[in-house]
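Spelled out, the chains give:
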Amino acid sequence: MMTVMAEPPLLLALDLAGTVAFALNGAMTGLKAAKLDIVGMLTLGMVTALGGGILRDILIGALPPATFSSWPYLAVAAGGALIAFFLSRQLRPYTLPIELLDAAGLSLFCVTGATKSLAFGLGAVPAVILGAVTAVGGGTIRDVLVRRVPTVLTSGLYAIPALIGAAIAVTTVRTGVYGVAAALGAAAACFLVRLAGLRYNLNAPVAPEARTKE
Amino acid sequence: MMTVMAEPPLLLALDLAGTVAFALNGAMTGLKAAKLDIVGMLTLGMVTALGGGILRDILIGALPPATFSSWPYLAVAAGGALIAFFLSRQLRPYTLPIELLDAAGLSLFCVTGATKSLAFGLGAVPAVILGAVTAVGGGTIRDVLVRRVPTVLTSGLYAIPALIGAAIAVTTVRTGVYGVAAALGAAAACFLVRLAGLRYNLNAPVAPEARTKE
Amino acid sequence: MMTVMAEPPLLLALDLAGTVAFALNGAMTGLKAAKLDIVGMLTLGMVTALGGGILRDILIGALPPATFSSWPYLAVAAGGALIAFFLSRQLRPYTLPIELLDAAGLSLFCVTGATKSLAFGLGAVPAVILGAVTAVGGGTIRDVLVRRVPTVLTSGLYAIPALIGAAIAVTTVRTGVYGVAAALGAAAACFLVRLAGLRYNLNAPVAPEARTKE
């Protein structure tokens, strides 16, 4: 439909890497935030890992979602969640990995979400937005299920890096230079902006009304 | 597919007006309920404004949703949320507008949701229900994201006015008298019933079991 | 598309029975957990009853969902919720029914969800997972709306019985022995495992990290 199509092996590899990252993150969040048992960790890990891609596939009309017609997604998501279960003691001292894994999933999914949306005929702006939706979708469902206000609403630099990564990916596809390097570059840009936000606790501006109250 | 189709310009105009109302409402709710920053306000405003229509389009199989193939929706939703951000201090003394904007969005979306569902071949009863789903969907997602029990469950006169507006719209389409006047009349009926509910704090009956407990 | 198709009348009867069970459960939960009025009980009952099937139909691309093109679903869901409303005082002394109705809905929906997914061409593993999604979907939406951590995450034996029932159903379809007896057997297996979990408060293993904390 579009002139440029992301080469499937690259798209699949990035998508699976993001899936593992989010599955680990979701399962570890389930353990820390709600002391879930193995079934709960597995469920939350898989929902976090697969939710964004499923949401994207519903919105672009690619039904049933790739998750259900291609077994590697399910296997990789379940594997990631089980690793989190069995290594939870070893991972205990570290609080950083949860955030890093979330940032990795965010960065990979914004690129694959945007390029897949383009391949299904959506325009550039919708593709950028759907890239961001793919990236933040799984984590948002995760947060709702464990009753936290979703990160995408409260953290200034969460949606923005996803939009940046998706915009770079869309631009490279439209200018014909998309490939392994461009995809990794777009993901790296998202990742670095997200890390900067975490490291320096950067936040977006708050409305005058809220400021005057403090 | 159906014999009668809502004329597109009217449907679009009403849909965009409802989108602005819900975007303002969602962004202001984000500020008041969770002190969100500009990114959070923008995200919550857009989700509130676009969520109901996206839900309707998924359910009637109109994928990708109109929101993503037609830029005015995205632009108008983002614009409404940004207005709420920049005018938040001026809007501060007023608590009424949030409720009024929500009622306006409810009234416009129940009409457009019902008529679009009819145009996609759904029966009269499903179309009325989907009109109400369109109307309450965005606000329900908004409430879940900021961790409130959704208005549609707790307020007696929220789903009912939406069902009334949708039923009037469906009746006028089926009797061949649908047009600008009928659409505005159906929206006005919903709006007035909703306002009456707010003004007089009307509620639906409570089950005997709950009453005896107090 | 598939060689074996569940005979429609059986699928419909089981689906409607599960719908009534979940509608009663959802409405009673709304009353106990959030003291909802009749509109809230009706809405929560219908969402609990219809949410899982709608989710399944979206994911397999069967749009609009069967719920909207076939009036018995809507009628039966509304009827179940209204029964809960009018009999709430009589049902008051019993806390068991809510759990039993939920288990009944779970058992019936995992079978119908799995067989419908097979009939739409999905593979065996995705069909088992979609059977479980159909079974736990409505209850999960119910829990999110009344702000509880969903049962599927916190109860060790909730997703597992649904997966068992769905797996039995898929196996019998694939081996050509699916019919009334097989469908009821698969549902009964799910129901008994779920009841055993409730009765003996069985739980799945917890990660080492969580155990050492206590």
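It should be noted that the structure appears before, not after, this text.
What you see is a predicted model; the values in this text were computed from it and never measured. (Residues numbered from 1 in each chain as written. Chains lettered and ligands numbered in written order. Predicted model: local features only at pLDDT ≥ 70, side-chain atom pairs only at ≥ 80, totals over all residues. Heavy atoms only, no water.)

Participant: How should the environment of Lys-116 of chain C be read in this particular structure?
Facilitator: Residue and element names in this part refer to chain C. Within the fold, Lys-116 resides in helix H6 (residues 96–119). Along the primary structure Lys-116 and Gly-131 are separated by 15 residues, whereas in three dimensions their C-alpha atoms are 8.5 Å apart. With residues near it in sequence (within four places) discarded, Lys-116 still touches Leu-11, Arg-56, Asp-57, Ile-60 and Ala-66. Within the structure, the side chain of Lys-116 is placed 3.1 Å from the side chain of Asp-57, a separation counted as a polar contact. (Helix = DSSP H or I, 4+ residues; strand = E, 2+ residues; numbered from the N terminus. Contact = heavy atoms within 4.5 Å. Polar contact = N/O pair within 3.5 Å; in protein donor to acceptor, adjacent residues only side chain to side chain.)

Participant: How should I be thinking about the side chain of Thr-134 of chain A in this particular structure?
Facilitator: Residue and element names in this part refer to chain A. Here Thr-134 is to be found in helix H7 (residues 124–145). Of note is the side chain of Thr-134, whose polar atom sits 2.6 Å from the backbone oxygen of Leu-130. Contacts of Thr-134, omitting those with residues within four sequence positions, involve Gly-52, Gly-53, Arg-56, Phe-109 and Gly-113.

Participant: What's the story with the relation of the copies chain A and chain C in this structure? I'm lost.
Facilitator: Each copy of the chain is related to the other by a rotation around an axis and a translation along that axis. Laying chain A over chain C is done by rotating through 120° and shifting 0.0 Å along the axis; what remains is an RMSD of 0.0 Å. Put plainly, the chains are arranged around a three-fold axis. Take the interface residues of chain A: only 17% of them recur as interface residues in chain C, which is what a contact between different surfaces looks like. (Least-squares fit on C-alpha atoms with pLDDT ≥ 70 in both.)

Participant: Please explain the environment of Asp-15 of chain A as it appears in this structure.
Facilitator: Residue and element names in this part refer to chain A. Within the secondary structure, Asp-15 sits in helix H1 (residues 8–34). For Asp-15, a relative accessible area of 5% translates into the label buried. In this structure, the C-alpha to C-alpha distance between Asp-15 and Cys-110, residues 95 residues apart in sequence, is 9.7 Å. Every residue in contact with Asp-15, bar those within four places of it in the chain, is listed here: Arg-56, Tyr-73, Phe-109 and Thr-112. (Buried < 20%, exposed > 50% of the residue type's maximum accessible area, 1.4 Å probe, protein only.)

Participant: Can you help me understand the interface of chain A and chain C in this one?
Facilitator: By a widely used convention, the size of an interface equals the accessible area lost when the partners come together. In this complex, chain A contributes 24 residues to the contact, which on the side of chain C involves 34 residues. Interface of chain A and chain C: buried area, both sides summed, is about 2500 Å²; carbon and sulfur atoms make up 73% of it. Among the residues of chain A in contact with chain C, Asp-37, Phe-68 and Leu-145 of chain A are the three that bury the most area, contributing 24% of the side total. The tally of links from chain A across to chain C stands at 0 salt bridges. Linking chain A with chain C are 1 residue pair in polar contact (both at pLDDT 80 or more). Looking at the side of chain A that touches chain C, the elements with two or more residues in it are helix H2 (38–59), helix H4 (71–86), helix H5 (88–91) and H7 of chain A. No other element matches H2 of chain A, which puts 8 residues into the side of chain A that touches chain C. For the side of chain A that touches chain C, the class distribution of residues is 16 nonpolar, 3 polar and 5 charged. (Buried area = accessible area lost by both parts, 1.4 Å probe. Salt bridge = Lys/Arg side-chain N within 4 Å of Asp/Glu carboxyl O. Nonpolar A, V, L, I, M, F, W, Y, C, P; charged D, E, K, R; others polar.)

Participant: Sorry, what's going on with the relation of the copies chain C and chain B here?
Facilitator: Once chain C has been moved 0.0 Å along the axis and rotated by 120°, it coincides with chain B to within an RMSD of 0.0 Å. Interface overlap between copies is the fraction of interface residues in one copy that are interface residues in the other; for chain C against chain B it is only 17%, indicating separate surfaces.

Participant: How should the packing of helix H9 (residues 156–174) of chain A against helix H10 (residues 180–199) of chain A be read in this particular structure?
Facilitator: Two quantities define a packed helix pair, namely the angle between the axes and the distance from one axis to the other. Residues and elements named next belong to chain A. Where H9 meets H10, the axes come as close as 8 Å, and the angle between the chain directions of the two elements is 165°. The angle between H9 and H10 falls in the class roughly antiparallel. The crossing of H9 and H10 is right-handed. For the pair H9 and H10, the contacting residues are Leu-157, Tyr-158, Pro-161, Ala-162, Ile-164, Gly-165, Ile-168, Ala-169 and Thr-172 in the first and Ala-182, Ala-186, Ala-189, Cys-190, Val-193, Arg-194 and Gly-197 in the second. Of the residues that constitute the contact of H9 with H10, the class distribution is 12 nonpolar, 3 polar and 1 charged. (Axes fitted to C-alpha atoms, helices over the stretch in contact; angles between N-to-C directions. Parallel < 35°, antiparallel > 145°, perpendicular 65-115°, else oblique. Left-handed = near helix turned anticlockwise from the far one by under 90°.)

Participant: Mind showing me how you'd approach the packing of aromatic side chains here?
Facilitator: Within a pair of aromatic rings, the relevant descriptors are the distance that separates the centres and the angle that separates the planes. All names here are of chain C. All told, the structure shown has 6 aromatic pairs over all chains when counted by the stated rule. Here Phe-22 and Phe-109 contribute two aromatic rings whose centre-to-centre distance is 5.3 Å and whose plane-to-plane angle is 50°, an arrangement assigned as tilted. With Phe-22 in helix H1 (residues 8–34) and Phe-109 in helix H6, the pair connects residues that are 87 residues apart, well separated along the chain. Take Phe-22 and Phe-109: they sit in the same class, and that class is buried. An angle of 80° between the planes, with centres 4.9 Å apart, marks the rings of Phe-85 and Phe-86 as edge-to-face. When its relative accessible area of 6% is taken as the criterion, Phe-85 is described as buried. Judged by its relative accessible area of 55%, Phe-86 is exposed. (Phe/Tyr/Trp six-rings, centres within 6.5 Å; stacked < 30°, edge-to-face > 60°.)

Participant: Got a minute to help me understand the interface of chain C and chain B in this structure?
Facilitator: In this complex, chain C contributes 24 residues to the contact, which on the side of chain B involves 34 residues. Buried area between chain C and chain B, both sides added, is near 2500 Å², and the carbon and sulfur share of it is 73%. Area buried by chain C at its contact with chain B is led by Asp-37, Phe-68 and Leu-145 of chain C, which between them contribute 23% of it. Within the residue set of the side of chain C that touches chain B, elements represented by two or more residues are helix H2 (38–59), helix H4 (71–86), helix H5 (88–91) and helix H7 (124–145) of chain C. Among the elements that take part in the side of chain C that touches chain B, H2 of chain C stands out by supplying 8 residues, more than any other. Considering only residue class, the side of chain C that touches chain B consists of 16 nonpolar, 3 polar and 5 charged.

Participant: Mind showing me how you'd approach the packing of H2 of chain A against H4 of chain A here?
Facilitator: All names here are of chain A. With their axes 8 Å apart at the nearest point, H2 and H4 run at an angle of 135° to one another. Taken together, H2 and H4 sit at an angle that is classed as oblique. Seen along the crossing, H2 lies across H4 with a hand that is right-handed. Touching Ile-38, Met-41, Leu-42, Gly-45, Met-46, Ala-49 and Leu-50 of H2 are Tyr-73, Leu-74, Ala-77, Ala-78, Ala-81, Leu-82, Ala-84 and Phe-85, all from H4. Partitioned by chemical class, the residues of the contact of H2 with H4 number 14 nonpolar, 1 polar and no charged.

Remember, this is a structural readout, not a statement about activity or role.
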